[in-house]
Amino acid sequence: MPDPVLQVEDLCVSFTSGGVTADVVRDLSMRLDGGRTLAVVGESGSGKTITGRAIMRLLPRGASARGRIVVAGREMLSADERELRRARGSDVAMVFQDSMSALSPYLDIGAHIAQAVRLHDPSVTRRAARARAVEMLDRVGIPGPADAVRRFPHEFSGGMRQRAVIAMALVNRPALLIADEPTTALDVTVQAQILALLRELQQEYGMAMLLISHDFGVVGSAADDVLVLYAGRQAEYGSLRDIFDHPAHPYTAGLRAATPRLDARLDTGGERTRLRAIPGAPTSLRDAGPGCAFAPRCGLADQVGERCVVEAPLPTVRPTSEGGGLHLAACHLDRLPATQEVAR
Amino acid sequence: MSEPILEMTDVSKRYRTAGGFGRGRKGFLAVDGVSLHVERGEALGLVGESGSGKSTLARMANGLVVPTSGTVRTDGQDVARLGRRGLRRLRRNVAMVFQDPLASLNPLQTVRQTLENVFRAHGETTSTAELVALLESVGLGADYLGRYPHEASGGQLQRVAVARALALKPDLIIADEPTSALDVSVRAQILNLLADLQRDQGISFLHVSHDLAVIRLYSDRVAVMQRGRIVETGPSDEIFRSPQHPCTRALVEATPEAELPA
Ligand SMILES: Nc1ncnc2c1ncn2[C@@H]1O[C@H](COP(=O)(O)OP(=O)(O)OP(=O)(O)O)[C@@H](O)[C@H]1O
Ligand SMILES: Nc1ncnc2c1ncn2[C@@H]1O[C@H](COP(=O)(O)OP(=O)(O)O)[C@@H](O)[C@H]1O
Ligand code: SF4
Ligand SMILES: [Mg+2]
Ligand SMILES: [Mg+2]
């Protein structure tokens with residue numbers, strides 16, 4: 001097996017405030033090879049962004065990470081500032097949901113990209129860096145790139161801005177791209193274009209992509225493997241097909257049933273079908289008890305009994321479909337019942 | 001057949017703009033000669049790309065935005081000709097639910113105060129029992145009466161916003177992206193709640209969303225907007241099975257499917 005581009009082992013992230021320290025992410029492990037896309041799926045507060053930031057070593061104040069993170073052979077958690085500067089950009093780059101926050105309103109688009117080039121390699125002249133910016137804008141499909149480098153962020157539409165941010169992230173050809181909800185703020189048509197662009201660039205550069213999303217539709221059209229997070233912990237991990245067609249965790253199955261699909265009504269003879277909602281609301285690890293964090297919302301907890309409330313389930317190996325690879329689920333049930341009354 | 005609950009005829013809205021670019025020189029034509037109706041008991045879905053004029057159209061339906069031209073009739077009455085009392089009745093009959101529940105609720109008021117204010121604005125008093133029943137109809141317990149917005153989750157707040165919309169027993173609810181800001185697992189709860197209100201209480205809906213899959217499941221008919229105009233309307237099953245207009249087709253094709261091909 002080739003060395004993975006990203007390897008995470010038992011990652012925990014905690015926040016300290018007012019003298020109290022609490023984990024918000026616990027015991028995450030993942031492995032991602034070049035050219036592959038791993039989707040991290042979860043609802044708000046499940047720890048998606050924090051995980052992405054931990055990998056970049058860009059955690060907010062008061063946060064600290066334990067465990068092991070290896071990006072392109074570099075130990076990220078023990079790296080010093082100089083090493084981190086070198087790693088960011090050439091080894092790993094991140095694209096955020098809100099493209100405006102990644103851009104300075106006072107710099108033109110060209111300056112943003114040129115800065116990224118020169119930060120990575122100070123020997124590049126200003127002029128050459130600017131030329132790279134034009135090239136890169138052209139590559140991400142911005143029309144009139146020679147003119148576009150002189151435009152300011154607010155002069156771009158949301159979709160164009162996201163393209164510019166992608167250009168900035170990829171200009172140094174990182175081995176790993178972390179895309180945190182890269183299309184959530186965009187129209188469906190623009191979203192489809194951006195996802196297609198990311199796929200294209202990924203193939204061209206052979207990079208690994210960690211795609212953070214709450215949307216199963218986006219995940220289904222872009223991911224090879226999927227990691228489902230619930231309250232800061234791994235609920236399920238598997239190939240896209242195993243996660244979609246043979247979910248082993250009640251939360252995954254519940255999320256799938258709660259996601260509307262465009263084709264869902266075709267064979268119902270016009271009869272209104274309803275989504276199966278999961279009762280209650282997502283919790284964070286901080287608010288979860290000692291048992292399974294999903295227990296208060298899980299329709300199968302009664303079948304298992306007290307164990308769900310007192311003991312947090314660890315990920316265990318599950319059956320895989322053909323060519324499926326590793327399939328893990330953290331649930332005390334060995335298998336989901338066929339007719340899935342997964343939600344209460 | 002009885003009159004539609006909402007009937008808009010050839011309505012346009014031109015916003016005054018400082019820069020003066022856009023569709024037309026004198027301001028920006030956000031809605032351009034649209035005619036549309038919502039039957040009693042019907043849920044009409046309004047879809048279209050960002051900036052196509054959906055919210056502007058929805059706001060004209062309950063008088064929040066005044067049309068530049070055209071007529072809006074609710075319950076058979078021409079909104080432009082309503083006096084003060086008529087307008088007040090309009091506000092009772094046509095309620096609104098917005099995308100961001102936190103922004104649409106006063107952070108300094110408890111849920112009880114928020115709900116009581118709705119009644120007070122219409123010169124009515126209410127009892128605790130009535131408020132509790134109202135909360136129960138949206139799936140919240142009596143303990144929410146004393147809560148402030150920051151003490152509830154996004155989904156719970158959207159339920160409060162729906163309760164506020166239901167307070168005066170409206171005939172029509174205009175919901176502008178009511179579930180876009182919510183988590184996936186919570187989104188379905190609110191959509192099912194709105195569907196129940198339509199089925200059990202006969203409330204009509206104008207449901208604005210950019211999510212075609214949501215509109216397909218939860219509305220009877222669909223209108224597709226593009227650059228201020230409605231380019232296609234029809235029963236939701238038909239529209240999405242065989243979209244006719246290029247704009248509708250582009251929207252359908254761009255919608256990622258949460259389903260793998262067999
Ligand atoms: N108060 C205003 N003044 C000037 N222009 C406006 C105003 N409100 C909306 N517009 C413009 O009118 C057009 C239609 O806006 P509207 O909010 O109705 O779109 P929408 O279809 O609801 O979009 P979205 O899906 O992004 O919510 C947009 O181009 C918008 O910029
Ligand atoms: N700056 C911060 N200070 C304290 N807690 C935070 C901070 N940022 C995030 N958290 C907490 O960490 C958890 C995970 O957050 P996040 O990774 O942003 O979730 P997601 O991206 O999945 O919505 C949440 O419980 C959140 O409240
Ligand atoms: S461990 Fe128990 S509560 Fe948790 S998902 Fe499995 S059955 Fe449900
Ligand atoms: Mg996030
Ligand atoms: Mg809108």
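Conventions used here
- Residues numbered from 1 in each chain as written.
- Chains lettered and ligands numbered in written order.
- Predicted model: local features only at pLDDT ≥ 70, side-chain atom pairs only at ≥ 80, totals over all residues.
- Heavy atoms only, no water.
- UniProt positions renumbered as here; feature names shortened; annotations may be inferred.
- Helix = DSSP H or I, 4+ residues; strand = E, 2+ residues; numbered from the N terminus.
- Rg over C-alpha atoms; globule rule 2.2 N^0.38 Å.
- Buried < 20%, exposed > 50% of the residue type's maximum accessible area, 1.4 Å probe, protein only.
- Contact = heavy atoms within 4.5 Å.
- Areas by Shrake-Rupley, 256 points an atom, 1.4 Å probe, with all protein chains shown as cover.
- Near = heavy atom within 4 Å.
- Polar contact = N/O pair within 3.5 Å; in protein donor to acceptor, adjacent residues only side chain to side chain.
- Domains from an automatic or database assignment.
- Buried area = accessible area lost by both parts, 1.4 Å probe.
- Salt bridge = Lys/Arg side-chain N within 4 Å of Asp/Glu carboxyl O.
- Nonpolar A, V, L, I, M, F, W, Y, C, P; charged D, E, K, R; others polar.
- Core = buried A, V, L, I, M, F, W, Y, C linked by side-chain atoms within 4.5 Å.
- Expected span 1.5 Å × (residues − 1).
- Axes fitted to C-alpha atoms, helices over the stretch in contact; angles between N-to-C directions.
- Parallel < 35°, antiparallel > 145°, perpendicular 65-115°, else oblique.
- Left-handed = near helix turned anticlockwise from the far one by under 90°.
- Phe/Tyr/Trp six-rings, centres within 6.5 Å; stacked < 30°, edge-to-face > 60°.
- Lys NZ or Arg CZ within 6 Å of the ring centre and 35° of its normal.

Going by what an unreviewed UniProt entry lists, chain B is known as ABC transporter domain-containing protein and is assigned to Streptosporangium minutum. In its Sequence similarities (unreviewed entry) section, the UniProt record describing chain B reads: "Belongs to the ABC transporter superfamily."

Draft legend 1. A look at the overall build of chain B. Within chain B one finds 10 helices and 10 strands. The C-alpha radius of gyration computed for chain B amounts to 19 Å, which stays within 12% of the reference 18 Å derived for 262 residues, consistent with globular compactness. Dimensions of chain B along its principal axes, counting C-alpha atoms only, are 55 × 50 × 45 Å. Per-residue burial for chain B yields a buried fraction of 53% across its 262 residues. A sequence separation of at least 24 residues applies to 68% of the contacts in chain B between residues at least 6 apart. Accessible surface, chain B as shown: approximately 11,800 Å² in total, 48% of it carbon and sulfur.

Draft legend 2. Summary view of the site of ligand 1. Residues and elements named next belong to chain B. Residues in contact with ligand 1, as listed here, are Tyr 15, Phe 28, Ala 30, Glu 49, Ser 50, Gly 51, Ser 52, Gly 53, Lys 54, Ser 55 and Thr 56. Within the side chain of Tyr 15, an N or O atom sits 3.5 Å from a nitrogen atom of ligand 1. Contact distances for ligand 1 include 2.9 Å between an oxygen atom and a backbone N or O atom of Gly 53. Protein contact buries 61% of the 640 Å² of open area that ligand 1 shows by itself.

Draft legend 3. Structural view of the environment of Val31(B). Residues and elements named next belong to chain B. For Val 31, the position within the fold is in strand S2 (residues 28–38). On the basis of relative accessibility, which here comes to 0%, the residue Val 31 falls in the buried class. Taking C-alpha positions, Val 31 is 4.9 Å from Lys 13, a pair spaced 18 residues apart along the chain. Beyond its immediate sequence surroundings of up to four residues, Val 31 is in contact with Val 11, Ser 12, Lys 13, Gly 53, Thr 56, Leu 57, Met 60, Met 225 and Gly 228.

Draft legend 4. Spatial organisation of the domain arrangement of chain A. All names here are of chain A. Its domain assignment divides chain A into domain 1 (6–223) and domain 2 (248–263 + 272–329). With 11 residues of domain 1 at the interface, the matching set in domain 2 holds 10 residues. Contact with domain 2 buries surface across domain 1, with Val 24, Glu 43 and Phe 216 losing the most and accounting together for 58% of the total. Across the domain 1-domain 2 interface, the total number found is one salt bridge.

Draft legend 5. A look at the site of ligand 2. Residue and element names in this part refer to chain A. Neighbouring residues of ligand 2: 13 residues in total, closest Gly 45, Lys 48, Thr 49, Ile 50 and Arg 286. A distance of 2.8 Å separates an oxygen atom of ligand 2 from a polar atom in the backbone of Lys 48. At 2.7 Å, a side-chain N or O of Thr 49 approaches an oxygen atom of ligand 2. A total of 560 Å² of accessible area belongs to ligand 2 in isolation, and the protein chains cover 68% of it. Considering every element that reaches the shell around ligand 2, the biggest residue donor is helix H1 (residues 48–56), with three residues. For the shell around ligand 2, the residue count by class is four nonpolar, six polar and three charged.

Draft legend 6. The arrangement of the interface of chain A and chain B in detail. Listed as interface residues are 40 residues of chain A and, on the opposing side, 42 residues of chain B. Here chain A meets chain B over a buried area of about 3,500 Å², counting both sides, of which 56% is carbon and sulfur. Our enumeration of links across chain A and chain B arrives at one salt bridge. A salt bridge links Arg274(A) to Asp196(B), with the nearest nitrogen and oxygen atoms 2.7 Å apart. At the boundary of chain A and chain B, one finds 10 residue pairs in polar contact (both at pLDDT 80 or more). Listing elements by their share of the side of chain A that touches chain B, those giving two or more residues are helix H7 (188–205), helix H8 (216–222), helix H9 (240–245) and helix H10 (250–258) of chain A.

Draft legend 7. Geometry of the nonpolar core. All names here are of chain B. The biggest cluster of nonpolar side chains holds 35 residues, and the ones touching the most others in it are Leu 135, Val 162, Leu 166 and Ile 173. Mapped by element, the contributors of at least two residues to this core are strand S6 (94–97), helix H4 (111–121), helix H5 (128–137), helix H6 (154–166), strand S7 (172–176) and helix H7 (184–201). Per-element accounting of this core gives the leading share, six residues, to H6. The contact partners of Val 162, leaving out residues within four places of it in the chain, are Val 97, Val 138, Leu 193, Leu 194 and Leu 197.

Draft legend 8. Expanded view of helix H3 (residues 109–120) of chain A. Residues and elements named next belong to chain A. With 12 residues, H3 extends 17 Å from end C-alpha to end C-alpha; this agrees with the ideal 16 Å at 1.5 Å per step. Taken together, the buried positions of H3 are occupied by Ile 109, Gly 110, His 112, Ile 113, Ala 114, Ala 116 and Val 117. Considering only its buried residues, H3 is in contact with helix H4 (126–139), helix H5 (145–148) and helix H6 (158–170).

Draft legend 9. View of the packing of H6(A) against H7(A). Residue and element names in this part refer to chain A. In contact at an axis separation of 10 Å, H6 and H7 are set at 15° when each is read in the N-to-C sense. Between H6 and H7, the interaxial angle falls into the category roughly parallel. Of the two possible hands of crossing, H6 and H7 adopt the one that is right-handed. Only Val 190, Gln 193, Ile 194, Leu 197, Leu 198, Leu 201 and Tyr 205 of H7 make contact with H6, whose side of the interface consists of Gly 159, Gln 162, Arg 163, Ile 166 and Leu 170. Grouping the constituent residues of the contact of H6 with H7 by class yields eight nonpolar, three polar and one charged.

Draft legend 10. Here's a closer look at the packing of aromatic side chains. Summed over the entire model, instances satisfying the criterion amount to four aromatic pairs over all chains. Plain terms: the ring middles of Phe216(A) and Phe244(A) are 5.4 Å apart, the flat faces sit at 80° to each other, and that makes the pair edge-to-face. One end of the pair, Phe216(A), is in helix H8; the other, Phe244(A), is in helix H9, with 28 residues separating them in the sequence. Accessibility assignment for this pair places Phe216(A) and Phe244(A) in one class, buried. Site record: aromatic cluster; members linked through ring pairs are Tyr230(A), Tyr251(A) and Phe294(A). A cation sits over an aromatic face here: Arg256(A) above Phe244(A), 4.3 Å from the ring centre. Note that Arg147(B) overlies the ring of Tyr144(B), its terminal NZ or CZ placed 4.1 Å from the centroid.

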